Amino acid sequence: MPSTELPHALAAAAAPKPGAVAVAEGERLASVALPGLTLNVRSRPSTRSGLPPALYVHGLGGSSLNWSALMPLLEDVVDCEALDLPGFGDSPPPDDGDYSLTGHARAVIRHLDAGGRGPVHLVANSMGGAVTTRVAAVRPDLVRTLTLISPALPELRVQRTAVPTGLLAVPGVAGLFTRLTEGWTAEQRVRGVLGLCYGDPGRVTPEGFRAAVREMERRLALPYFWDAMARSARGIVNAYTLGGQHGLWRQAERVLAPTLLVYGGRDQLVSYRMARRASAAFRYSRLLTLPDAGHVAMMEYPETVATAIRELLADTGELAGPDELSETPGVRDGGRVSDHRDSGSRS
């Protein structure tokens, strides 16, 4: 349940005006009005026409900016869109104030239905992973493949480093935290987020750090920032308590789309040990493990993640063939890949 507004691709973005959202070179922003909500959508035109659509969904505290490092690496194989969930990035709060996982999933479904882009390749991180697991389970017609990077699925033993973020779900804690950290600078906040979400915060360039600080300042000026954070954190915790057919692990078992799971060995928010359970739950799954990555592998090791996605698309017939692959993931950056598409081979 992390805050993932991080700087990897922000370094490539032009310095925004005060209050403006950063836009990396080659990206476009659009505002999409839907029943009960308005979504900010970041897109990157593909290099050729007729490519299958992809949609990227961020985690708690993040935004569509979290995908600006990955999208250029896939623009020749998919038509890229990344959305800001309601209350995050540049999307205003939903009219009904619903920040539950189901509410966020409903926003994704409404966007896909309204745009007629489905089925899409869904790529998601953290809270977005839980959201898109629900989307894939209840609307399989909208999903070609599913890529989940450190998905926030229920854990019985939550890591101690993830507890402070989870406490945001407790009524009153967000207000208390705001008062206690009133004197913190944006730089201090960004360093804290980097230390929590990156396997090695030293990978962030000075320019990327400055861009992240600017975005942090913009977000903190929004009157609904902490409310969106607290209510969304509460939505994750509430989803963890659901059993039966609405439970996230039960819904993971219902996903029919080929699924790529990506886990970081230094993730302080989603336990590395959950990789094995996830591999068993998603019936057509493959696993990429990155021992040195933290919670946001698509920002820390975008080339490795992109290569794994290319392999997934090739194996599902979305690419011309394996010759289009540049390199086998698991070789670059010390990653390891295992394939669990045959349910009998799961471990």
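Numbers given to residues run from 1 along each chain, matching the order in which its sequence is written. Only residues with pLDDT of 70 or above have their local features reported here, since the model is predicted, and side-chain atom pairs are shown and tallied only from 80 upward, although totals for entire chains, interfaces and linings are computed over all residues. The side-chain numbers reported here are obtained from all heavy atoms of the structure, hydrogens and water having been left aside.

All right, on to the environment of leucine 256 then. Looking at where leucine 256 falls in the secondary structure, it is placed in the loop between α8 (248–254) and β7 (259–264). Relative accessibility thresholds used throughout: buried, under 20% of the residue-type maximum; exposed, over 50%; partly exposed, between the two (1.4 Å probe, protein chains only). Taking the relative accessible area as the measure of exposure, leucine 256 reaches 47% and is therefore partly exposed. With 27 residues separating them along the chain, leucine 256 and arginine 283 place their C-alpha atoms 7.1 Å apart. We call two residues contacting when some pair of their heavy atoms lies within 4.5 Å. Excluding residues that lie within four positions of it along the chain, leucine 256 makes contacts with Arg283 and Tyr284. Each helix is a run of DSSP H or I of at least 4 residues and each strand a run of E of at least 2, with the numbering of both proceeding from the N terminus.

Attention now moves to the packing of aromatic side chains. Classification of ring pairs rests on two measures: the distance between centres of Phe, Tyr or Trp rings, Trp counted by its six-membered ring, which must be within 6.5 Å, and the angle between planes, read as stacked under 30 degrees, edge-to-face over 60 and tilted in between. Scanning all chains against the criterion turns up 2 aromatic pairs. Taken together, a centroid distance of 5.3 Å and an interplanar angle of 40 degrees make the contact between tyrosine 56 and tryptophan 67 tilted. Of this pair, tyrosine 56 sits in strand β3 (residues 53–57) while tryptophan 67 sits in the loop between β3 and β4 (79–83), placing them 11 residues apart in sequence. Ring centres of phenylalanine 225 and tryptophan 226 lie 5.0 Å apart, and the angle between their planes is 75 degrees; this geometry places the pair in the edge-to-face category. Pair check on accessibility: phenylalanine 225 and tryptophan 226 agree, each one buried. The ring of tyrosine 301 carries arginine 203 above its face, with NZ or CZ at 4.2 Å from the centroid. Whether a charge sits over a ring depends on NZ of Lys or CZ of Arg being within 6 Å of the ring centre and within 35 degrees of the ring normal.

Here we take up helix α6 (residues 206–220). Expected span of a helix: the number of residues minus one, times 1.5 Å. Under the 1.5 Å per step criterion, the end-to-end length of α6 is 21 Å for 15 residues, consistent within 8% with the ideal 21 Å. Among all positions of α6, only Gly208, Phe209, Ala211, Ala212, Val213, Glu215, Met216, Arg218 and Arg219 are buried. Residues of α6 that are buried make contact with α5 (186–197) and α7 (225–240).

Turning next to helix α1 (residues 101–115). In this model, α1 (15 residues) spans 21 Å end to end at C-alpha, consistent with the 21 Å of a helix rising 1.5 Å per residue. Listed as buried for α1 are Leu101, Gly103, His104, Ala105, Ala107, Val108, Ile109, His111 and Leu112. Residue glycine 116 follows α1 closely and has a positive phi angle near 60 degrees.

In this chain, glycine 118 is followed by proline 119 through a cis amide linkage whose omega measures 0 degrees. Relative to the assigned elements, proline 119 resides in the loop between α1 and β5 (120–125). Phi is positive for serine 126, which is not a glycine, with a value near 55 degrees. By the secondary structure assignment, serine 126 is in the loop between β5 and α2 (127–138). Phi is positive for serine 150, close to 45 degrees, though the residue is something other than glycine. Following the sequence through the fold, serine 150 ends up in the loop between β6 (143–149) and α3 (163–166). Among the residues examined, serine 150 registers a relative accessible area of 1% and is labelled buried.

With respect to the helices, strands and loops of the structure, threonine 307 is situated in helix α11 (residues 302–315). Overall, threonine 307 belongs to the buried group, its relative accessible area being 3%. C-alpha of threonine 307 to C-alpha of leucine 73: the two residues are 234 residues apart in sequence and 8.6 Å apart in space.

Throughout this description, the term nonpolar core refers to a set of buried Ala, Val, Leu, Ile, Met, Phe, Trp, Tyr and Cys residues connected via side-chain atoms within 4.5 Å. In this structure, Val108 and Phe282 are the most contacted members of the largest nonpolar core, which totals 54 residues. For this core, the element with the most residues is α7, which contributes 7 residues. Counting residues in hydrophobic clusters, the runner-up holds 42 residues, among them Leu70, Ala82, Ala186 and Cys197.

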